[in-house]
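# Remarks on the overall topology
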Amino acid sequence: MKAESRFVEFIPENERHGDVRNLFSVWFTVNFMLLAVVTGGLAVVFGLNLFWSIVSILLGNLIGAIFMALHSVQGPRLGIPQMIQSRAQFGVIGAIFPLFLVILMYLGYFASNAVLGAQAVTAGTSIPIGWSIALLSIITFIITFYGYDMIHKLSKYVAALLGIIFFFVTILVFKLDFPANTWSISDFQFAPFLASVSVFATWQLTFAPYVADYSRYLPKDTNPQKAFIYTYAGSVLSAVWMMILGASLAIAVPNFLDNASLSLSNLVGSQWSLGMYFAIALGIIATNVFNLYGAFMSLTTIMDTIVRIKGTIQTRFIILFICGILGTGIAILGHGNFLENFSNLILFLAYFLFPWTTINLVDYYLLRHGNYNIQALFDKNGEYGRYNWKAMVAYFITILVEIPFINTTIYQGFISKALHDIDFAWIVALTIPGIIYYVLMKDEIKLEMVNKPTAS
């Protein structure tokens, strides 16, 4: 198989291919990893019993996946990466700011995954954890180098294999002994419940900046409802499954989150431990391919804004190598305080990415209705301009409004303190920017649509 030749440019119709049903396996596979299991355990860390942990897992994923699946629909329609389309809202140069945040997200998730995967490799082989991180990164790099088609093909096999393995793991988990109050409906705590919903919604929303990257090669006439359903169903089913396992194990197995790989190995028994470690490492590699590919696309978009990038094999290798080195370095340096670093990362991302996704979706579905001048998205002097100050005003006002509602171990806003540690910042981030952007842009875009009534 040849390496993908396209970078961030528009995919012509004669190069479009694939079946929309493949989106299910792609997004089903991406959550079959230990990091999703650990994320489910955070509900228990926050103080919830298993019943309310499961409710928060369901609610957070069902809400968050709506937004990410709506982004997936944009891929076939526009034939460009997600963050290139963001130039229509923020301007060709203005879109660089959210791109930096997105790259931070990819590298953060890449590093978090690499740490967990390396723990499994080290436990199974006695290779030092630093070298285990490097080994997983090299394998991830090779797969990512081949790009879009390789990712789609591998996801089918990985989804089937890991689905079978975790089916048997699930049976073992629910044979464990759970504390007496595990299923108590009356044992409800509002603040940790809302914090948990925020984490699980954020999990889905962090796919938003790159979800269209994996549907952009599909034919333009791909049914948007099917693109939404297959993406939504795949991501929700696997995420909920893995997170419920994580919450269950965090309650039933003492200190499960201290070393999740070892705990899962002990669960399946010594005769199957190597197979469990292999499954964990495989899931980590499959998911980190998405993170590395997304970092590559985002860094390429930033560089292309400054100087037009030539889509050569050498350029692809260099940009991917830079992203891989950064993610690997972060993993090696930060593996010692993993759980706190990860929980802070995922909440931090919610505060900054939710306003972006709201602005993007309001623009696409409520204002422009999917009609964009694709050529202008690559032209700093085109109709979308270098900067859209109205979008930036909507974005930064939202960030300021969020601050009093924030609750993390690093910082807590005064409203959150007054509300007994409840964090409403993510709700602010999903509502306020869309309202501001709609009000500021509706007349301008209405005039634009009159002059350009159809997509180009």
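Report on the accompanying structure. Residue numbers here run from 1 along each chain, matching the order of that chain's written sequence. Totals for whole chains, interfaces and linings use all residues, but because this is a predicted model, local features are given only for residues with pLDDT of at least 70 and pairs of side-chain atoms are given and counted only at 80 or more. Calculated side-chain values reflect all of the structure's heavy atoms, with hydrogen atoms and water omitted.

### Topic: the overall build of the chain
The helix and strand inventory of the chain stands at 18 helices and 0 strands. C-alpha atoms define the radius of gyration in this analysis, and the globule rule sets the expected value at 2.2 Å times the number of residues to the power 0.38. Relative to the 2.2 N^0.38 estimate, which gives 23 Å for 456 residues, the radius of gyration of the chain is 21 Å and therefore close to what a compact globule would have. Its C-alpha atoms give the chain principal-axis dimensions of about 65 × 55 × 40 Å. Whether a residue is buried, partly exposed or exposed follows from its accessible area with a 1.4 Å probe, protein chains only, as a fraction of its type maximum: under 20%, in between, or over 50%, in that order. Across the 456 residues in the chain, those meeting the buried criterion constitute 61%. Should any heavy atoms of two residues lie within 4.5 Å, those residues are considered in contact. Counted over contacts in the chain with a minimum sequence separation of 6, partners at least 24 positions apart contribute 87%. When the accessible surface of the chain is split by element, carbon and sulfur atoms take 69% of a total near 18000 Å². Asp and Glu count as negative and Lys and Arg as positive, but His and the ends of the chain are not part of the count. The atom standing in for a charge is NZ when the residue is Lys, CZ when it is Arg, CG when it is Asp and CD when it is Glu. Once the 23 positive and 22 negative side-chain charges of the chain are each reduced to a mean point, those two points are 9 Å apart. Here a helix means four or more residues in a row that DSSP labels H or I, a strand means two or more in a row labelled E, and each is numbered from the N terminus. Where accessible areas are quoted, they stem from the Shrake-Rupley method and a 1.4 Å probe; at the residue level, only the protein chains shown are allowed to cover.

### Thoughts on a nonpolar patch on the surface
Like charges are joined within 9 Å and nonpolar side chains (Val, Leu, Ile, Met, Phe, Trp, Tyr) within 5 Å, but only among residues with over 30% relative accessible area and no salt bridge; these make up the patches. Salt bridges, as used here, are contacts in which a Lys or Arg side-chain nitrogen is within 4 Å of a carboxyl oxygen on Asp or Glu. Nonpolar side chains collect at one region of the surface, where Phe-317, Ile-318, Phe-321, Ile-322, Ile-325 and Leu-326 lie side by side and expose about 550 Å² of accessible area between them. Mapped onto the fold, Ile-322 is located in helix 13 (residues 313–334). Owing to a relative accessible area of 36%, Ile-322 belongs among the partly exposed residues under this scheme.

### Quick notes on empty space enclosed by the protein
Here a cavity denotes grid points, spaced 1 Å and computed from the protein atoms alone, that fit a 1.4 Å probe unable to get out, and a pocket denotes an open set having protein on both sides within 12 Å along at least 5 of 7 lines; residues with an atom within 4 Å of a point are the lining. Grid points are joined across faces, edges and corners, and a volume is the space filled by probe spheres set on the points. Applying the stated criterion across every chain yields a total of 1 cavity of 30 Å³ or more. Approximately 60 Å³ is the volume attributed to the largest cavity. Residue lining of the largest cavity: Met-33, Met-105, Tyr-109, Asn-113, Trp-203, Thr-206, Phe-207, Tyr-210, Thr-287 and Asn-291, and that is the complete set. Where the lining of the largest cavity is concerned, the elements lending two or more residues are helix 6 (96–125) and helix 12 (273–306). No other element matches helix 6, which puts 3 residues into the lining of the largest cavity. Amino acid classes used here: Ala, Val, Leu, Ile, Met, Phe, Trp, Tyr, Cys and Pro are nonpolar; Asp, Glu, Lys and Arg are charged; the rest, including Gly, are polar. A breakdown of the residues in the lining of the largest cavity according to their chemical character gives 6 nonpolar, 4 polar and no charged.

### Observations regarding the packing of aromatic side chains
Between the rings of Phe, Tyr and Trp (Trp by its six-membered ring), a pair exists once the centres lie within 6.5 Å; its type follows the angle of the planes, with under 30 degrees stacked, over 60 edge-to-face, and the other angles tilted. Here the structure, examined in full by the defined rule, presents 38 aromatic pairs. Ring geometry for Trp-27 versus Tyr-210: centroids 6.2 Å apart, planes at 85 degrees, classification edge-to-face. Pair noted here: Trp-27 is in helix 1 (residues 22–29) and Tyr-210 is in the loop between helix 9 (190–205) and helix 10 (224–252), with a separation of 183 residues, a long-range link. Each member of the pair, Trp-27 as well as Tyr-210, carries the same accessibility label: buried. Centroid distance Phe-167 to Phe-168: 5.4 Å. Interplanar angle 80 degrees. Geometry classified as edge-to-face. Residue classification places Phe-167 among the partly exposed positions, given a relative accessible area of 46%. Connected via pairs of aromatic rings, a cluster forms that spans Phe-7, Trp-27, Tyr-106, Tyr-109, Trp-203, Phe-207, Tyr-210, Tyr-214, Phe-290, Tyr-293 and Phe-296. Whether a charge sits over a ring comes down to the Lys NZ or Arg CZ being within 6 Å of the ring centre and within 35 degrees of the ring normal. In this arrangement the basic side chain of Arg-316 is found over the ring face of Phe-7, its NZ or CZ atom lying 5.9 Å from the centre.

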